[in-house]
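# Secondary and tertiary structure notes
Listed below are the residues making up each chain.
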Amino acid sequence: MDFDLNTAISSSLERLIKIVAQLRSPEGGCPWDLAQTPQTLIPYVIEEAYEVVDALRRGAQDDIVEELGDLLLQVVLQSQISSEAGEFDLGNVATGISDKLVRRHPHVFGGIVAQTPDEVRENWEIIKATEKGENSEQIQQRLTVKLQEYARVFPPLLASHKISVKAAKAGFEWPNVEEVWDKFSEELAEFKEALQTEDKAHQEAELGDLLFTIVNLARWYDLDCNAGLQGTNQRLIARMTKMEDTVERPLSEYSIEELENLWQTAKKELSQQQKN
């Protein structure tokens, strides 16, 4: 297989790099781009990543191309800013990830055999730990370090899932799902009790315990909390959109009884549309 970079792709990337460099040029550049730092661009990195995910979920090819371009811009822009400071450039970024991929795929670029995704994942973690100078004993003892990384890096819901999975593999697991349901009932009761107090910190702590238990329940049933919540959000918006399409006044001007009737009608109509 020929892995030579297509000339058109190479030309397009070179053009993007030059455009970003011009935007950052003190002579004739863009005031907004010149004012940015790696830290001020953090929200845009996160937003663009989420917009890529949204486009992928919808399968909208034109949107996927556009959103991937916006995300690529953030990579190029971060690299440009660091290049101006004499730290690293886009070439260093590309070289770094290329070398990492080769190192961590010895079953492709070396003589190691890995025939299943689980074997690949296990090799990846071992190689990653070795790169950090950890021996086999340290690899086994690094659980809390990994959990701290999850909590630091990922959004809370995703972090909870990853922490739950990692902890379960280390032995912190219920013997059966019935005990997880018991834990859910226990945490729900404690959350209700906390709501009777005026201690906001205690209330949030109990809410967190309840949510974490729900994450564990989802893991036991092989369900994705993020996908489930995303679906709920979309269904709510679709039903409210349907409601707004059938009324002549803002929804805020209707009584709760009227809103409930509109909600049930919208829910029924959308369900029928999905069946057809």
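Summary of the structure given here.

## Quick notes on the overall build of the chain
Each helix and strand in the chain was counted, giving 14 helices and zero strands. Sequence-ordered secondary structure for the chain, helices as α and strands as β, is α-α-α-α-α-α-α-α-α-α-α-α-α-α. Here the C-alpha atoms of the chain give a radius of gyration of 25 Å, more than 25% beyond the 19 Å that 2.2 N^0.38 yields for 276 residues. Each principal axis of the C-alpha distribution contributes one length, and for the chain these read about 65 × 55 × 45 Å. Going through the 276 residues of the chain one by one, you find that 21% of them count as buried.

## Remarks on helix α9 (residues 143–153)
Taken together, the buried positions of α9 are occupied by Leu143, Lys146, Leu147 and Tyr150. The buried residues of α9 occupy an angular sector of 100° when projected down its axis, which confines them to one face. Away from the buried face of α9 by more than 90 degrees, exposed residues Gln148, Arg152 and Val153 are located.

## Some points on the nonpolar core
Of all hydrophobic cores here, the largest spans six residues; its members are Met243, Val247, Leu251, Tyr254, Leu262 and Ala266. Setting aside anything within four residues of it in sequence, one finds Leu251 in contact with Met240, Met243, Glu244 and Leu259.

## What to know about the environment of Thr213
Inspection of the secondary structure puts Thr213 in helix α12 (residues 200–220). Take Thr213: its relative accessible area is 3%, and that puts it in the buried class. In this structure, the C-alpha to C-alpha distance between Thr213 and Glu186, residues 27 residues apart in sequence, is 9.9 Å. Leave out the neighbours within four places in its chain, and Thr213 touches Val180, Lys183, Phe184 and Glu187.

## Examining the layout of surface pockets
For the second largest pocket, the calculated volume is near 380 Å³. As for the second largest pocket, its lining consists of 15 residues, and the residues nearest its centre are Tyr50, Arg57, Pro155, Leu158 and Asn226. Here the element with the most residues in the lining of the second largest pocket is helix α3 (residues 42–58); it accounts for six residues. For the lining of the second largest pocket, a count of residues per class yields nine nonpolar, three polar and three charged.

## With respect to the side chain of Gln74
Here Gln74 shows up in helix α4 (residues 61–84). For Gln74, a relative accessible area of 7% puts it in the buried group. Every residue in contact with Gln74, bar those within four places of it in the chain, is listed here: Leu41, Tyr44, Val45 and Glu48.

## Thoughts on a nonpolar patch on the surface
The grouping of Ile9, Leu13, Leu72, Val75, Phe88 and Val93 at the surface amounts to a nonpolar patch, some 430 Å² of accessible area in total. The set of elements that each furnish at least two residues to the nonpolar patch consists of α1 (7–23) and α4. Structurally, Val75 can be placed in helix α4. Overall, the relative accessible area of 37% leaves Val75 in the partly exposed class.

## Some thoughts on unusual backbone geometry
Phi at Asp222 takes a positive value of approximately 55°, unusual for a residue other than glycine. Summarising the element assignment, Asp222 is placed in the loop between α12 and α13 (225–246).

## Here we look at a negative patch on the surface
On the surface, a cluster of negative charge is made up of Glu47, Glu51, Asp62 and Glu66. Broken down by secondary-structure element, the contributors of at least two residues to the negative patch are α3 and α4. Among the structural elements, Glu66 can be located in helix α4. Residue class for Glu66 comes out partly exposed when judged on its relative accessible area of 48%.

## Quick look at the packing of helix α11 (residues 177–194) against α12
One way to put it is that α11 packs onto α12 with a least axis distance of 9 Å and a crossing angle of 160°. Comparing their axes, α12 and α11 come out roughly antiparallel. In this structure, α11 meets α12 at a crossing whose hand is left-handed. Contacts between α11 and α12 involve Val177, Val180, Trp181, Lys183, Phe184, Glu187, Leu188, Glu190, Phe191 and Ala194 from the first element and His202, Gln203, Glu206, Leu207, Asp209, Leu210, Thr213, Ile214, Asn216, Leu217 and Trp220 from the second. When the residues that make up the contact of α11 with α12 are grouped by side-chain class, the tally is 12 nonpolar, four polar and five charged.

Reading the values: the criteria
Residues numbered from 1 in each chain as written. Predicted model: local features only at pLDDT ≥ 70, side-chain atom pairs only at ≥ 80, totals over all residues. Heavy atoms only, no water. Helix = DSSP H or I, 4+ residues; strand = E, 2+ residues; numbered from the N terminus. Rg over C-alpha atoms; globule rule 2.2 N^0.38 Å. Buried < 20%, exposed > 50% of the residue type's maximum accessible area, 1.4 Å probe, protein only. Arc of directions from axis to C-beta. Core = buried A, V, L, I, M, F, W, Y, C linked by side-chain atoms within 4.5 Å. Contact = heavy atoms within 4.5 Å. 1 Å grid on protein atoms, 1.4 Å probe; cavity = no way out; pocket = protein on both sides within 12 Å on 5 of 7 lines; lining within 4 Å. Points joined across faces, edges and corners; volume = space filled by probe spheres on them. Nonpolar A, V, L, I, M, F, W, Y, C, P; charged D, E, K, R; others polar. Patch = residues over 30% accessible without salt bridge, like charges linked within 9 Å, V, L, I, M, F, W, Y side chains within 5 Å. Areas by Shrake-Rupley, 256 points an atom, 1.4 Å probe, with all protein chains shown as cover. Salt bridge = Lys/Arg side-chain N within 4 Å of Asp/Glu carboxyl O. Lys, Arg positive; Asp, Glu negative; His and termini not counted. Charge placed at Lys NZ, Arg CZ, Asp CG, Glu CD. Axes fitted to C-alpha atoms, helices over the stretch in contact; angles between N-to-C directions. Parallel < 35°, antiparallel > 145°, perpendicular 65-115°, else oblique. Left-handed = near helix turned anticlockwise from the far one by under 90°.

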